[in-house]
Amino acid sequence: MPAPPQATPQERRRFWLLLLIALVMLGAGIGLRDPWPSDEPRFTLAAAQMVASGDWLFPHRGIELYADKPPMLMWLEAASFELVRNWRIAFMLPSLLAGLGTLLLVYDLGRRLWNRRTGLYAAGALLLAFQFVYQGQRAQIDPLVVFFITAANWGLLHHLLAPPDAAGSRTANWPMYWLGCFCAGLGVITKGVGFLALLMLLPYAWAAWRGWDGVARPDRGAWWRWLLGLAAALAAIALWLVPMLLVAHARADDPAYPAYVRDILFHQTAQRYADAWHHIHPWWYYIPIVLFSWLPLSLTYPGSVPRWRRQLQAGDARILLPLGWVLLVLIFFSASAGKRDVYVLPMLPMVALLTAPFLDDLLRTRWLRASGLLFIALMGSALLLVGGYALLSHSPWVLRFALRHELADGGAGLWWMCVTIGAVQLLLVAALRMRRAVLAVAGGMAALWLGWGCWGVPLLNASSSASGLMTEVRSHLDPGDQIGLVAWKEQNLLMLKYPAVDFGFKVPWHIQFALATRWQAQAPATRWLFVQQPAMGDCVNRTKAIYLGHANQRDWWMFKADAVTVGCTSTNDETPNQPANDPE
């Protein structure tokens, strides 16, 4: 791709303004909350145990090895903590940086393939998409894998869409190709699916075979350079895989390590895709995702699709390669029975890039501006009505919601947030109207994320993160007391912030309970058990136990040995199953 011309002062100001807005929107709420279930406490707990134990190669969840995901996100969270020494900030830093990095990559692709204005449109369209910011404000693996896949696409497109040289021929940019393949490998050790970036080679091969202008010409004598891309991807994977296998082999006398290798290399990858055991959905599951979760960007589809068709008919490889890649990724995920909305998130940056060249024309059309205003008006009206109804009606469901989430004053603070965001959005629509509809849409989305991150998140943090519950647990512990966890969730161990003993996470609950009561009986005066209610069965005298309350849709108790019925065996043989404990 050719280097763009020097930016004008106005273009620089627009770029830095966009970056500042992105930082504010993606960073809203950082430092104001703790990790929320289901995924965030799991990864942060593993990262915290890495820091505490010094074992960064094998993630742990309590005393068990955690083999459901590669350790990349956990490494980055742990490294962030070593840098800032504050978990409330550290656990969100990888997602924030990944989101900003993805925006920069999309901007750079847009300015190199078309111009700086297109780059700004591409990054701006991506930033406005609901799912992008929603995931960017969460400490899950998905923002990170989106960044690595987008970085791989960035490198591959640099190579495959090579600019003509002085003689008019197109020469490939091999270092960028190898870098792209290396990033795909990093995506693999982040969430397994990083290899999907390499599907970009299929539409390229078709375009080269058909003699399309705008693509680098394959050189038969350079076949070894293509293979070096595979070597680069494997080298990135080897950064984790080789030391992990070597250490696992050295510890083979402990069956947990061979089991970890089998689970993470086979059960959690190929089997998860080919024989999915959870999140079973029909083939058309992703259609409403790309229509509604990608609003307001998806409003541009009616105008973009015919323009894509015309550009393809004209032989524009800049459209063919990313569009072909998007369709291949969609087909790949649709073919598996197991589906989640976040699986297709890596497609979103390329969709924003594909839309950007035509936004100048599309934003002049009355139908698109009206659609954007209608979208913000409907969102604002819904928030205003829900918040107003909750404040004025005193409905039973409002009171139950406030009680479940431990909200003071019936949740008035949360309902006033809804009213405020809705009012701001409606005021933007009324004030800016059709002429400045783009600003109304951008302002409305910014109001949503700023209100939620800086107002809603702190209100819900105590109940959502289990920090309130575990603060209550600590209040009952005297100096020298010990506590054991049974049928626990990751947020319980993470937010306890007190030395604890666990008896396994995936171990069946009745076995955990038996092990825990034997442990407790060894020092009954100082040892407590923290237990999820179903795991107690009929073996605990509730009048001698402390009911801690209902949190994260579960009831929790703690008690000493005098509350346990001697000789009683819990009959609850529930095993924490995969769908409940790892929704990814």
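Residues numbered from 1 in each chain as written. Predicted model: local features only at pLDDT ≥ 70, side-chain atom pairs only at ≥ 80, totals over all residues. Heavy atoms only, no water.

Here aspartate 34 is to be found in the loop between helix H1 (9-27) and helix H2 (40-53). Judged by its relative accessible area of 6%, aspartate 34 falls in the buried class. At 3.1 Å, the side chain of aspartate 34 forms a polar contact with the side chain of arginine 88. Among all residues touching aspartate 34, those that are not within four sequence positions of it are Glu40, Arg88, Phe91, Asn461, Ser465, Ser467 and Met495. (Helix = DSSP H or I, 4+ residues; strand = E, 2+ residues; numbered from the N terminus. Buried < 20%, exposed > 50% of the residue type's maximum accessible area, 1.4 Å probe, protein only. Polar contact = N/O pair within 3.5 Å; in protein donor to acceptor, adjacent residues only side chain to side chain. Contact = heavy atoms within 4.5 Å.)

The strands making up a sheet associate through hydrogen bonds between their backbones, and the pairing can be parallel or antiparallel. Read across the sheet, five strands follow the order E4-E3-E5-E7-E6 without closing on themselves; strand pairing throughout is mixed. Bordering the open sheet on either side are strand E4 (501-502) and strand E6 (546-551), each of which pairs with just one other strand. Here E6 pairs with strand E7 (residues 554-559) via five bridges, running antiparallel. Along E7, the bridge assignment pairs tyrosine 547 with tryptophan 557. Of the strands in this sheet, strand E3 (482-486), strand E5 (527-532), E6 and E7 touch helix H23 (residues 467-475), which is tilted by about 170° from E6. (Pairing = 2+ DSSP bridges. Axes fitted to C-alpha atoms, helices over the stretch in contact; angles between N-to-C directions.)

As a further point, take the packing of aromatic side chains. Here the structure, examined in full by the defined rule, presents 27 aromatic pairs. Relative to tyrosine 107, the ring of phenylalanine 15 lies with its centre 4.8 Å away and its plane at 40°, an arrangement referred to as tilted. Here tyrosine 107 lies in helix H5 (residues 93-113) and phenylalanine 15 lies in helix H1, a separation of 92 residues in the sequence. By the burial criterion, phenylalanine 15 is buried, and tyrosine 107 matches it. Ring pairing ties together the aromatic residues Trp174, Tyr177, Trp178, Tyr204 and Trp226, which thus form one cluster. Looking at arginine 33, its charged tip hangs above the ring of tryptophan 36, at a distance of 5.1 Å from the centre. Here the basic side chain of arginine 542 rests over the ring of tryptophan 557, its NZ or CZ set 5.7 Å away from the ring centre. (Phe/Tyr/Trp six-rings, centres within 6.5 Å; stacked < 30°, edge-to-face > 60°. Lys NZ or Arg CZ within 6 Å of the ring centre and 35° of its normal.)

With that settled, consider the side chain of arginine 33. Tracing the backbone through its elements, the reader meets arginine 33 in the loop between H1 and H2. A relative accessible area of 6% places arginine 33 in the buried class. Side chain to side chain, arginine 33 and glutamate 40 meet in a polar contact 2.6 Å long. Polar side-chain contacts of arginine 33 include one of 3.0 Å to the backbone oxygen of glutamine 137. Ignoring sequence-local partners within four residues, the contact set of arginine 33 consists of Glu40, Arg88, Phe91, Met92, Gln137, Arg138, Ala139, Val457 and Asn461.

So, on to unusual backbone geometry. Note the cis peptide between proline 37 and serine 38, where omega equals 5°. If you trace the backbone, serine 38 turns up in the loop between H1 and H2. A cis amide bond links leucine 295 to the next residue, proline 296, at an omega of 0°. Among the secondary structure elements, proline 296 is positioned in the loop between helix H14 (286-293) and helix H15 (301-313). We note that alanine 466 has phi near 70°; this positive angle belongs to a residue other than glycine.

Here we take up a nonpolar patch on the surface. Judged by side-chain polarity, Leu17, Leu20, Ile21, Leu23, Val24 and Leu450 come together as a nonpolar surface patch covering roughly 490 Å² of accessible area. At five residues, H1 tops the list of elements feeding residues into the nonpolar patch. Within the element layout of this structure, leucine 450 appears in helix H22 (residues 437-464). On the basis of relative accessible area, leucine 450 is assigned to the partly exposed category, the value being 33%. (Patch = residues over 30% accessible without salt bridge, like charges linked within 9 Å, V, L, I, M, F, W, Y side chains within 5 Å. Areas by Shrake-Rupley, 256 points an atom, 1.4 Å probe, with all protein chains shown as cover. Salt bridge = Lys/Arg side-chain N within 4 Å of Asp/Glu carboxyl O.)

The subject of this paragraph is the confidence of the model for the protein chain. Here the protein chain shows a mean pLDDT of 92. Residues at 70 or above account for 94%. Mean pLDDT values over the elements of the protein chain span from 40, in helix H27 (residues 578-581), up to 98, in helix H17 (residues 348-355). A low-confidence stretch, residues 164-170 stays under pLDDT 50, and its non-local contacts, those more than four residues away or across chains, total eleven contacts. (pLDDT = per-residue confidence, 0-100.)

For the coordinates displayed, the defined rule picks out 15 salt bridges. For arginine 116, the salt bridge goes to glutamate 11, with nearest N and O atoms at 3.9 Å. Residue arginine 116 is found in helix H6 (residues 116-128), and its partner glutamate 11 is found in helix H1; the two are separated by 105 residues along the sequence. Exposure remark for arginine 116: the relative accessible area of 14% places this residue in the buried category. Between arginine 117 and aspartate 360 there is a salt bridge, with its nearest N and O atoms 3.1 Å apart. Linking arginine 117 in helix H6 with aspartate 360 in helix H18 (residues 359-362), this pair joins segments that are 243 residues apart in sequence. A single network of salt bridges, built from pairs that share partners, joins Asp39, Arg42, Arg61 and Glu490.

Let us now look at the state of the cysteines. Throughout the structure, instances matching the rule amount to one disulfide. Here cysteine 539 pairs with cysteine 568 through a disulfide, and the sulfurs are 2.0 Å apart. With the S-S dihedral at roughly -70°, the linkage between cysteine 539 and cysteine 568 falls on the left-handed side. A residue pair is termed long-range when its members are at least 10 positions apart, and cysteine 539 in the loop between helix H26 (533-536) and E6 and cysteine 568 in the loop between E7 and H27 qualify at 29 residues. Unpaired in terms of disulfides, cysteine 183 finds its nearest cysteine sulfur in cysteine 181, a separation of 9.4 Å. (Disulfide = S-S within 2.5 Å.)

Our focus in this paragraph is the environment of valine 84. Residue position: valine 84 is located in helix H3 (residues 72-84). A relative accessible area of 32% means that valine 84 is categorised as partly exposed. On a C-alpha basis, the gap between valine 84 and proline 306 in space is 49 Å, while along the polypeptide they are 222 residues apart. For valine 84, the residues in contact, after removing those within four places along its chain, are Ile89, Ala90 and Leu93.

Once that is clear, we can look at the environment of alanine 545. Checked against the element boundaries, alanine 545 lands in the loop between H26 and E6. Residues within four places of alanine 545 in sequence aside, it is in contact with Val540, Trp557, Met558, Phe559 and Ala563.

Our next topic: the layout of surface pockets. Size it by volume and the largest pocket reaches roughly 1,000 Å³. Along the walls of the largest pocket sit 30 residues, with Tyr121, Leu128, Leu363, Val438 and Ala442 positioned nearest its centre. Of all elements in the fold, only H1, H6, helix H19 (366-393) and H22 reach the threshold of two or more residues within the lining of the largest pocket. Its residues placed into classes, the lining of the largest pocket shows 21 nonpolar, four polar and five charged. (1 Å grid on protein atoms, 1.4 Å probe; cavity = no way out; pocket = protein on both sides within 12 Å on 5 of 7 lines; lining within 4 Å. Points joined across faces, edges and corners; volume = space filled by probe spheres on them. Nonpolar A, V, L, I, M, F, W, Y, C, P; charged D, E, K, R; others polar.)

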